[in-house]
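# Residue-level structure breakdown
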Amino acid sequence: RGIPGVGAGAHGYALNNGALDNSAGGIRYQVVRGLQAYITRANAQDAPLPFPLTAAVEQHQTIERDQQMDDTLMTGLRLLREGVSRAEFLGRFGIALDTVYADALAHLAAYDMLDTSGDRLTLRPRARLISNQVLLHFIREKSDSLSVSL
């Protein structure tokens with residue numbers, strides 16, 4: 001799976017190494033904004049670039065497997081009813097969510113921020129207004145500017 005970004009201002013995601021699933025990481029990219037800039041860049045391309053890059057792509061970033069796991073938790077927990085399935089996480093990445101995020105889960109459980117019963121991990125209602133602070137606990141490569149207390 002991937003998410004194609006087509007047209008001016010579009011954002012997309014493509015898988016690395018021709019993988020059939022998202023377990024191998026990928027490339028997140030942004031196409032230049034503005035129709036005229038898009039047309040100019042697209043017409044200027046004279047040789048193929050590696051997929052998904054084109055002359056119209058303004059920015060791109062390689063997403064490694066660890067970051068993809070973090071992104072899965074952060075985007076999935078924003079889906080208030082659905083959350084993140086432990087079984088789907090294990091199937092996708094080959095490692096248990098509870099193993100990867102043991103410290104974050106224990107810390108957030110102490111504050112009753114997550115519903116961890118059953119297969120699905122979801123935010124409790126009390127965590128929704130401070131969800132950004134809660135979700136920061138699932139970013140494993142923290143810089144000094146990302147420190148958060150809860």
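So, a few notes on the structure that sits alongside this text.

Parameters at a glance
- Residues numbered from 1 in each chain as written.
- Predicted model: local features only at pLDDT ≥ 70, side-chain atom pairs only at ≥ 80, totals over all residues.
- Heavy atoms only, no water.
- Phe/Tyr/Trp six-rings, centres within 6.5 Å; stacked < 30°, edge-to-face > 60°.
- Helix = DSSP H or I, 4+ residues; strand = E, 2+ residues; numbered from the N terminus.
- Buried < 20%, exposed > 50% of the residue type's maximum accessible area, 1.4 Å probe, protein only.
- Salt bridge = Lys/Arg side-chain N within 4 Å of Asp/Glu carboxyl O.
- Pairing = 2+ DSSP bridges.
- Polar contact = N/O pair within 3.5 Å; in protein donor to acceptor, adjacent residues only side chain to side chain.
- Contact = heavy atoms within 4.5 Å.
- Core = buried A, V, L, I, M, F, W, Y, C linked by side-chain atoms within 4.5 Å.

## With respect to the packing of aromatic side chains
Under the definition given, this model contains 3 aromatic pairs. Geometrically, the ring pair formed by F89 and Y101 is edge-to-face, given 6.2 Å between the ring centres and 70 degrees between the ring planes. Here the residue F89 occupies a position in helix α3 (residues 86-93), and Y101 occupies one in the loop between α4 (97-100) and α5 (102-110), the gap between them amounting to 12 residues. Taken individually, F89 and Y101 each receive the classification buried, so the pair is uniform in this respect. Summarising the aromatic geometry, the rings of Y101 and F138 are spaced 5.5 Å apart at their centres and angled 75 degrees between planes, so their arrangement reads as edge-to-face. Note that Y101 is positioned in the loop between α4 and α5 and F138 in the segment after α6 (131-135), a separation of 37 residues in sequence. Relative accessible area serves as the criterion here: at 0%, F138 is assigned to the buried category.

## A short note on the pattern of salt bridges
Inspection of every chain in the model, using the stated rule, returns 6 salt bridges. One salt bridge in this structure joins D66 and R140, with 3.9 Å as the shortest N-O distance. You can see D66 sitting in helix α2 (residues 65-77) and its partner R140 sitting in the segment after α6, a full 74 residues away along the chain. Judged by relative accessible area, D66 falls into the partly exposed class, the value being 40%.

## Section: the pairing of strand β6 (residues 120-123)
When strand β4 (residues 84-85) meets β6, the two strands line up antiparallel, connected through 2 bridges. By the bridge assignment for β6, S85 is matched with R120. Judged from the 2 bridges that link them, strand β5 (residues 114-115) and β6 form a sheet pairing that is antiparallel. By the bridge assignment for β6, L114 is matched with L123. The hairpin formed by β5 and β6 contains 4 residues between the paired strands, and G118 there has a positive phi angle of roughly 75 degrees.

## Focus on the sheet that holds β4
Taken in spatial order, the 3 strands make up an open sheet running β4-β6-β5, and their pairing is antiparallel. Each end of this open sheet is capped by a strand with a single partner; those strands are β4 and β5.

## Overview of the side chain of S85
The topology assignment puts S85 in strand β4. Here the side chain of S85 touches D119 through a polar contact of 2.6 Å, side chain to side chain. Among residues more than four places away in sequence, those in contact with S85 are D119 and R120.

## What about the nonpolar core?
Residues L73, L77, F89, L97, Y101, L114 and F138 are the most contacted members of the largest nonpolar core, which totals 20 residues. When contributions to this core are tallied by element, the ones reaching two or more residues are α2, α3, α4, α5, β6 and α6. Ignoring sequence-local partners within four residues, the contact set of L73 consists of V84, F89, L97, Y101, L121, L135 and F138. A10, Y29, V32 and A56 belong to the second-largest nonpolar core, a separate cluster that totals 6 residues.

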